[in-house]
Amino acid sequence: MANSLTSPDDPRVTHHFYDVGDVVLHYVTAGSGPPVILLHGWPQTWWEWRHVIPVLADHYTVITPDMRGLGDSSRPLDGYDKKTIAADIWQLVHECLGYESFLLVGHDWGGPVAYALAAAHSDAVEKLVVLDVVVPGCGGDFSQGGQRWHHQFHMTPDLPETLVMGREAEYLSWFYRTFSYRPDAVGAEDLAEYLRTYTQPGALRAGFAYYRLIPEDVANNAAIIKDFKLSMPVLALGGAVSYPHGRGRGMEPAESLRRVANNVIGGVVPDCGHFIPEEAPDYLCNALLRFFAR
């Protein structure tokens, strides 16, 4: 996209830090207007929204945090269940920035965090968007029948760190290429920015902790889903093609969100794999602006 951010230091964004208590969150802001929170996934950082931020910033105040342990946020030893990470985001948005309500978008692990935040503060989340992920514990297949093989690998204690450390470029690049329909969506400069943070001490451990806390996420969500459904409008999108050029998530995100929310619009992003904000930013920006304006 012509107006994408040119670098992490692009003057259209401002970098900030906020001390939540046991974690210091790095976050980026741009634009003005009603607040929109963008939550990234693994193996990414706030930078995955580089194509989306300038478009939304023409209409909204865009806030893009690095979630606990990732990007330029600090890396505590625990607190990687999505309920706790959602509480981090709530403190940032509500206590630090002072917003009473906001629009919320989550991709990959940002999706379960966004769900946990919306469930905990349903009056504050005006609209929710979840991209190419399902809610752990909703009754769906989180690992897509083993197609997401890395879920179990990352949950294994110590082994992933041992095998990946020193080979971060090869390992992360495999995901950017293989889970994409467009293998060029993450370019050399983007890879360098991701590697800048994922090669820092503790970054691999923190990223894998997102997976190691899946059993706790399932238990936390099951307790919510049992007698509560989200009431705000929800948009759930899945990539059509992935791994490698086979079956993507498709309508699975919508099917998942319909188990946990009452008002869900579902869709499939054509010619796109897992990394929707980077592979199909035009499609996504148009979808977001339409959904937010409804």
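Please refer to the structure higher up on the page.
Description of the structure in this document. Quantities reported herein were computed from a predicted structural model and do not represent experimental measurements.

Criteria and cut-off values
Residues numbered from 1 in each chain as written. Predicted model: local features only at pLDDT ≥ 70, side-chain atom pairs only at ≥ 80, totals over all residues. Heavy atoms only, no water. 1 Å grid on protein atoms, 1.4 Å probe; cavity = no way out; pocket = protein on both sides within 12 Å on 5 of 7 lines; lining within 4 Å. Points joined across faces, edges and corners; volume = space filled by probe spheres on them. Nonpolar A, V, L, I, M, F, W, Y, C, P; charged D, E, K, R; others polar. Helix = DSSP H or I, 4+ residues; strand = E, 2+ residues; numbered from the N terminus. Polar contact = N/O pair within 3.5 Å; in protein donor to acceptor, adjacent residues only side chain to side chain. Contact = heavy atoms within 4.5 Å. Salt bridge = Lys/Arg side-chain N within 4 Å of Asp/Glu carboxyl O. Buried < 20%, exposed > 50% of the residue type's maximum accessible area, 1.4 Å probe, protein only. Axes fitted to C-alpha atoms, helices over the stretch in contact; angles between N-to-C directions. Parallel < 35°, antiparallel > 145°, perpendicular 65-115°, else oblique. Pairing = 2+ DSSP bridges.

Notes on empty space enclosed by the protein
Reasoning step 1: Considering all chains together, one arrives at one cavity of 30 Å³ or more under this definition.
Reasoning step 2: In terms of lining residues, the largest cavity is bounded by 16 residues, among which Asp108, His150, His151, Tyr211 and His274 are the most central.
Reasoning step 3: Here the lining of the largest cavity is composed, by residue class, of nine nonpolar, three polar and four charged.

Things to note about the side chain of Asp190
Reasoning step 1: Tracing the backbone shows Asp190 in helix H7 (residues 188-198).
Reasoning step 2: At a separation of 3.1 Å, a polar atom in the side chain of Asp190 contacts the side chain of Arg50.
Reasoning step 3: Beyond its immediate stretch of four places on either side in the chain, Asp190 contacts Trp47, Arg50 and Ala185.

Brief notes about the pattern of salt bridges
Reasoning step 1: Tallied over the full model, the rule gives 12 salt bridges.
Reasoning step 2: When the shortest N-O distance is used, the salt bridge between Asp10 and Arg12 registers 2.9 Å.
Reasoning step 3: In this structure, Glu252 engages Arg249 in a salt bridge whose closest nitrogen and oxygen atoms are separated by 3.2 Å. Both residues of the pair, Glu252 and Arg249, belong to the buried class.
Reasoning step 4: In this structure, a network of salt bridges that share partners links the residues Asp22, Arg68 and Asp88.

Re the side chain of Arg68
Reasoning step 1: Secondary-structure assignment places Arg68 in the loop between strand E4 (61-65) and helix H2 (82-96).
Reasoning step 2: With a relative accessible area of 1%, Arg68 lands in the buried category.
Reasoning step 3: In this structure the side chain of Arg68 is engaged in a polar contact, spanning 3.4 Å, whose partner is the backbone oxygen of Gly79.

Regarding the packing of H2 against helix H3 (residues 110-120)
Between two packed helices, what matters for the description is the angle formed by their axes and the separation of those axes.
Reasoning step 1: Close contact between H2 and H3 brings their axes to 8 Å; oriented N to C, the two are set at 70°. Relative to H3, the element H2 is oriented roughly perpendicular. Here H2 contributes Lys82, Lys83, Ile85, Ala86, Ile89 and Trp90 to the contact with H3, which in turn contributes Pro112, Val113, Ala116 and Leu117.
Reasoning step 2: The residue inventory of the contact of H2 with H3, partitioned by class, reads eight nonpolar, no polar and two charged.

So, the sheet that holds E4
Reasoning step 1: Spatially, the eight strands line up as an open sheet ordered E1-E2-E4-E3-E5-E6-E7-E10, and their pairing is mixed. The outermost strands of the open sheet, each flanked by one partner alone, are strand E1 (14-19) and strand E10 (264-269). Strand-to-strand twist of the sheet, defined as the mean angle between neighbouring strand axes without regard to direction, takes the value 20°.
Reasoning step 2: Pairing of strand E6 (residues 125-131) with strand E7 (residues 234-239), which is carried by four bridges, proceeds in the parallel orientation. Pairing of Val130 across the sheet is with Ala236, part of E7.
Reasoning step 3: In this fold helix H12 (residues 281-293) packs onto strand E3 (35-39), strand E5 (102-107), E6, E7 and E10, with an angle of close to 155° to the strand it touches most, E6.

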